[in-house]
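Survey of secondary and tertiary structure
Listed below, chain by chain, are the residues.
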Amino acid sequence: MTQYSITATAGANGTVTPAGAVTVNAGASQTYTITPGTGYAIEDVKVDSVSVGAVASYTFSNVSKNYTISATFKTSSGGTSYILSASAGANGTISPSGTTTVTAGSSKTFTMTPNSGYTVADVKVDGQSQGALTTYTFTNITSDHIIAVSFKTSSSGTQYMLVGSVSGTGGTITPSGTVMVNAGDSKTFTLTPSDGYTVADLIVDGKSVGVQTSYTFSNVSTDHFIQAKFKSSTGQFTISASTGINGTIDPKGNITVESGGSKTFTIKPDTGYIVDDVKIDGQSKGAMTTYTFTNVTADHSIYATFKVGTTQTFTIRSTAGENGKIFPSGDTTVTAGESKTFSMTPDSGYEVADFLVDGTSLGPKTEYTLSSISAAHTVHITFKAVSSGAKYSIKATSGANGGISPSGDVSVSAGDSKRFIMYMATGYQVDDVYVDDKSVGPVTSYTFSNVNADHEIHVTFKQISLQYTITASAGDNGSIYPSGEVTVMAGASKTFKMYLAQGYEVGDVFVDDISVGPVTSYTFESVGSNHKIHVTFISPNCICSEVPGDTDGDGKVTLKDIVRSLGILVSE
């Protein structure tokens, strides 16, 4: 019997049921239901890209070809926006302040900042005390709210910070995040393992206190950090192994490994291809053909990608005259399209006279990069004695919230050295230091040695943050846990797991808009900034291609693709 496919998709804030690709017998009918999310309405429904209006259901009758149906949604009129009113008492601020309009179902975070010498006394939400919080988030907003913060002098009641976190997955600690506690008070933290897990260890201020399900800080007189660790109680863990196109991994799929056991995976590229990269738990490990997990005590993932194996290389020959050197020196082999940087260092009392590439003078450079190399090259550097009494200028500048010493145009005699020191405003740290427009990292001091040219140094600063936010979201036909805006302590780790609807698998996972492959879990290690993670899902029977119009996944558009896209059956 002839069959056809109807593919249903939905935009954000609603669903089309049934979703995905549905097979229908020729001559049969199929009905679809369009359902907007809370606070939203149907904007339009299109069948084969032609609008049929804002209908709540649509029936394909006497089906005789392939179809598509898609729905988009909009905020519904009336009651879809709410007002959050924020105010602060004396001696501090709340941000944002005043009235803020938000969309129904959205979230909004408020930050409370006391003035110097003060601390948060209380935060009230809709008149109810929430304690001495420094941040508060309204989630899934469905009504107006009022948030108010009051402050008190630190001397009237010193407070200390207790920070609770979880290393890895397998359970929760309550309370989690930063909790402010009055001096002399006590605070209890409770550890709750997830199903199939048990407490592995409890770390307090960097030291293990063993396996405990609760811990109490008594008579608090300083800041504390508490971190829970969990382990599988079943004694088994899962390693998810997958690859991109043009190669295989063995074994493949979800592999069960006993606690403490090991497992080796072999990565094999197809003919004409080589391994491009192997990612372990979303982190790049480079190009390798085998990888072994040892002493397994948690779930893991391994994902391999491949690239064309034929590469062209070129030779760069670098030489230096007397009284200095060049690095690298001699013959250097580089791959086509790559770049190579050369650094020139004169001996004491000398400076660069000239730098030549393929015999052409580029002037007295101390560093030079050959970019997008597509041919062999020669580079040569010459040096000359520094003129007696020669002086050079180092221009030192800084961004806001800190400074550099000395600053401005600093004169340095030829061959001498000069040290610069960075100092920060309270609550800030060095973000980056740039020397001659190149980053040298967040250093707090930098020394120019054997100065034989003018230079520049610039330092920027950033606010010290104890917490960061990871925004997790998922497409249709599956979910990610945890989801939404997840708060993570600086330096901690956080694992996200993907859950599939029946008949679907992970299509791809994007971390900060960069694909890490179809992994079923992903861990952010040593979190030091905000991140986002998004997962998409596909039917395993889907023929997917990055080429628009390619319906059979061969990477190109042919006459058969065009005919198939028009819904005409073609004999293969």
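Computed from a predicted model, the values in this text were never measured in an experiment.

1. Thoughts on the overall build of the protein chain
Scanning the protein chain for helices and strands turns up one helix and 56 strands. Relative to the globule expectation of 25 Å for 572 residues, the C-alpha radius of gyration of the protein chain, 31 Å, shows a markedly less compact shape. With the C-alpha coordinates of the protein chain rotated into their principal frame, the extents come out at 95 × 75 × 55 Å. Across the 572 residues in the protein chain, those meeting the buried criterion constitute 32%. When contacts within the protein chain are restricted to residue pairs at least 6 apart in sequence, long-range pairs at least 24 apart make up 55% of them. Here the protein chain has roughly 29700 Å² of accessible surface; of this, 48% comes from carbon and sulfur atoms.

2. Topic: the pairing of strand S6 (residues 50-53)
Pairing of strand S5 (residues 40-47) with S6, which is carried by three bridges, proceeds in the antiparallel orientation. Looking across to S6, one finds that Lys-46 is bridged to Ser-51. Between the end of S5 and the start of S6, which pair antiparallel, lie two residues, with Asp-48 showing a positive phi angle near 55 degrees.

3. Side note on the sheet that holds strand S37 (residues 350-357)
Across the sheet, five strands lie side by side as S35-S33-S40-S37-S38; this open sheet has mixed pairing. Of all strands in the sheet, those with a lone pairing partner are strand S35 (330-335) and strand S38 (360-361), marking the two edges. Across seven bridges, the pairing between S37 and strand S40 (residues 377-385) is antiparallel. Each residue of the ladder has a partner; that of Phe-355, found in S40, is Ile-381.

4. Observations concerning the confidence of the model for the protein chain
Confidence in the prediction for the protein chain averages 86 pLDDT; 92% of positions are at 70 or higher. Predicted confidence is poor over residues 567-572, with pLDDT under 50, and the contacts of this stretch with residues over four places away or in other chains come to eight contacts.

5. Side note on the packing of aromatic side chains
Scanning the entire structure with this criterion turns up 14 aromatic pairs. With a centroid separation of 4.8 Å and 45 degrees between ring planes, the pair formed by Phe-60 and Tyr-67 is classed as tilted. Judged by its relative accessible area of 3%, Phe-60 is buried. In textbook terms, an aromatic cluster arises when at least three aromatic residues are bridged by ring pairs, as seen for Tyr-32, Tyr-58, Phe-60 and Tyr-67.

6. Considerations on a negative patch on the surface
The grouping of Asp-436, Asp-437, Asp-454 and Glu-456 at the surface amounts to a negative patch. Along the chain, the position of Asp-437 falls in the loop between strand S45 (428-435) and strand S46 (438-441).

7. Here we look at the environment of Ser-339
Following the sequence through the fold, Ser-339 ends up in the loop between S35 and strand S36 (340-346). Taking the C-alpha atoms as reference, Ser-339 lies 5.4 Å from Leu-370; in sequence the two are 31 residues apart. Those residues in contact with Ser-339 that lie beyond four places of it in its chain are Thr-369, Leu-370, Ser-371, Ser-372 and Ile-373.

8. What to know about the sheet that holds strand S54 (residues 514-517)
Taken in spatial order, the five strands make up an open sheet running S51-S49-S56-S53-S54, and their pairing is mixed. Of all strands in the sheet, those bounded by a partner on one side alone are strand S51 (484-489) and S54. Each neighbouring strand pair of the sheet contributes to a mean axis angle of 25 degrees, computed without reference to strand direction.

9. Overview of unusual backbone geometry
With an omega dihedral of -5 degrees, the bond running from Ser-95 to Pro-96 counts as a cis peptide bond. Tracing the backbone through its elements, the reader meets Pro-96 in the loop between strand S10 (92-95) and strand S11 (98-103). The omega torsion across Ser-405 and Pro-406 is -5 degrees, close enough to zero to call that bond cis. Relative to the helices and strands, Pro-406 is located in the loop between strand S42 (402-405) and strand S43 (408-413). Of note in the backbone geometry, Asp-48 takes a positive phi value of approximately 55 degrees without being a glycine. Secondary-structure assignment places Asp-48 in the loop between S5 and S6. Among the residues examined, Asp-48 registers a relative accessible area of 29% and is labelled partly exposed. With a phi close to 55 degrees, Asp-436 is a non-glycine residue in the positive phi region. Tracing the backbone through its elements, the reader meets Asp-436 in the loop between S45 and S46.

10. Things to note about the nonpolar core
Here is a general trend for soluble globular proteins: nonpolar side chains tend to be buried in one another's company. Ranked by internal contacts, the top residues of the largest apolar core, which has 24 residues, are Phe-496, Met-498, Val-509, Phe-524 and Ile-533. At the level of elements, strand S17 (159-167), strand S49 (467-474), S51, strand S52 (494-500), strand S53 (505-511), strand S55 (521-524) and strand S56 (531-538) are the ones that each hand at least two residues to this core. Each residue touching Met-498, except ones within four places of it in the same chain, is listed here: Ser-479, Ile-480, Val-506, Val-509, Val-519, Thr-520, Ser-521, Tyr-522, Ile-533 and Val-535.

Quick notes on the rules
Residues numbered from 1 in each chain as written. Predicted model: local features only at pLDDT ≥ 70, side-chain atom pairs only at ≥ 80, totals over all residues. Heavy atoms only, no water. Helix = DSSP H or I, 4+ residues; strand = E, 2+ residues; numbered from the N terminus. Rg over C-alpha atoms; globule rule 2.2 N^0.38 Å. Buried < 20%, exposed > 50% of the residue type's maximum accessible area, 1.4 Å probe, protein only. Contact = heavy atoms within 4.5 Å. Areas by Shrake-Rupley, 256 points an atom, 1.4 Å probe, with all protein chains shown as cover. Pairing = 2+ DSSP bridges. pLDDT = per-residue confidence, 0-100. Phe/Tyr/Trp six-rings, centres within 6.5 Å; stacked < 30°, edge-to-face > 60°. Patch = residues over 30% accessible without salt bridge, like charges linked within 9 Å, V, L, I, M, F, W, Y side chains within 5 Å. Salt bridge = Lys/Arg side-chain N within 4 Å of Asp/Glu carboxyl O. Lys, Arg positive; Asp, Glu negative; His and termini not counted. Charge placed at Lys NZ, Arg CZ, Asp CG, Glu CD. Axes fitted to C-alpha atoms, helices over the stretch in contact; angles between N-to-C directions. Core = buried A, V, L, I, M, F, W, Y, C linked by side-chain atoms within 4.5 Å.

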